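Remarks on the overall topology
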Amino acid sequence: MITKEIPVVNELISESLKKSISYAEYRALVSQLVEEHSTTGFDKSEAMANYTMLNDRRMRRWDKTVKVSDESKTKVENFDKKVTWLVITESWCGDAAHIMPVINKVAEIIGHIDYRIVLRDENDNLMNQFLTNGGKAIPKLIMIDTDTNDVLDTFGPRPSVATEIVKTYKAEHGMLTPEFKEDLQRWYNKDKGQSTIKDLVNLLD
């Protein structure tokens, strides 16, 4: 249930949408940053630039290989409400690299979903309205009624299956180790976007 101060949130969304870019524009931006050995966000360190380079490769692969099943297509094709999917992200985010191409595939199938993207560090006020357990976790998808800018639902920063995997590991170990993060990347590769697709279909149900 959405319990935020609606006028405030709607105004922030309206301002953010004016600055937002399409998925195609975002992909072009990330590719340009790779050429410049740079990154989005306030942290322009070499490590972040390297993450952006890695994520560009990941997104390029998923753009070509993500498949949506006929069953999922049938479910989303029946969705006729005009909505905007506004995603808060940064180019260095590993989860986002696996998820954003999948969001694009589902949005393309429906056709009348407007998929827009804003950067977290440049939209702090908006991000603060959609925290995850008090943190600025990304990517965060905000599903908005296109006509009213009312928030209908949210998704992210990970598909629900991955969220449970992370939650269980944190409960047992207290933190996410580098080894676990590598395991999570392997999970994304094995899952092939299907858990994200399932969550997005449920979002539209």
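Residues numbered from 1 in each chain as written. Predicted model: local features only at pLDDT ≥ 70, side-chain atom pairs only at ≥ 80, totals over all residues. Heavy atoms only, no water.

Points about helix H2 (residues 23–35)
Here H2 spans 19 Å end to end across 13 residues, near enough to the 18 Å set by a 1.5 Å rise per residue. Among all positions in H2, only Tyr-23, Tyr-26, Arg-27, Val-30 and Leu-33 are buried. Down the axis of H2, the buried set is contained in an arc of 125°. They therefore lie on one face. When the buried face of H2 is taken as reference, the exposed residues oriented beyond 90 degrees from it are Ala-24 and Glu-35. His-37, located one to two residues past H2, shows a positive phi value of around 50°. (Helix = DSSP H or I, 4+ residues; strand = E, 2+ residues; numbered from the N terminus. Expected span 1.5 Å × (residues − 1). Buried < 20%, exposed > 50% of the residue type's maximum accessible area, 1.4 Å probe, protein only. Arc of directions from axis to C-beta.)

Digging into the packing of helix H5 (residues 94–110) against helix H8 (residues 178–191)
Relative orientation of the contacting elements H5 and H8 amounts to 5°, with a least axis distance of 10 Å. If you check the angle between H5 and H8, you find them roughly parallel. Contacts from Gly-94, Asp-95, His-98 and Ile-99 in H5 reach Leu-184, Gln-185, Tyr-188 and Asn-189 in H8. Grouping the constituent residues of the contact of H5 with H8 by class yields three nonpolar, four polar and one charged. (Axes fitted to C-alpha atoms, helices over the stretch in contact; angles between N-to-C directions. Parallel < 35°, antiparallel > 145°, perpendicular 65-115°, else oblique. Contact = heavy atoms within 4.5 Å. Nonpolar A, V, L, I, M, F, W, Y, C, P; charged D, E, K, R; others polar.)

Observations concerning the sheet that holds strand S1 (residues 21–22)
Strand order in this open sheet of five strands is S1-S3-S2-S4-S5, and the pairing throughout is mixed. At either end of the open sheet lies a strand with only one pairing partner, and these are S1 and strand S5 (151–155). (Pairing = 2+ DSSP bridges.)

What to know about the nonpolar core
By size, the foremost hydrophobic cluster in this structure holds 57 residues, and its most contacted members are Trp-85, Leu-126 and Leu-141. No other element matches H5, which puts nine residues into this core. If sequence neighbours within four positions are ignored, Leu-126 has contacts with Leu-12, Ile-13, Ser-16, Leu-86, Ile-88, Val-118 and Ile-142. (Core = buried A, V, L, I, M, F, W, Y, C linked by side-chain atoms within 4.5 Å.)

What to know about the pattern of salt bridges
Across all of its chains, the model carries nine salt bridges by this definition. Here Asp-63 makes a salt bridge to Arg-27, at a shortest N to O gap of 3.0 Å. Taken together, the positions of Asp-63 in helix H3 (residues 46–65) and Arg-27 in helix H2 put the pair 36 residues apart, joining distant regions of the chain. Note on Arg-27: relative accessible area 11%, which makes it buried. Lys-75 is the salt-bridge partner of Glu-71, the closest N and O atoms lying 3.7 Å from each other. Highlighted residues: Glu-71 and Lys-75, both in helix H4 (residues 70–77), separated by four residues, approximately one helical turn. Residues joined in a network through salt bridges with shared partners are Arg-27, Asp-56, Arg-60 and Asp-63. (Salt bridge = Lys/Arg side-chain N within 4 Å of Asp/Glu carboxyl O.)

What to know about the side chain of Asp-191
Examined against the element boundaries, Asp-191 turns out to sit in helix H8. The side chain of Asp-191 sits in the buried core without any salt bridge; Lys-190 is the nearest counter-charge, 9.3 Å away. A distance of 2.8 Å separates the side chain of Asp-191 from the side chain of Ser-195, its partner in a polar contact. (Lys, Arg positive; Asp, Glu negative; His and termini not counted. Polar contact = N/O pair within 3.5 Å; in protein donor to acceptor, adjacent residues only side chain to side chain.)

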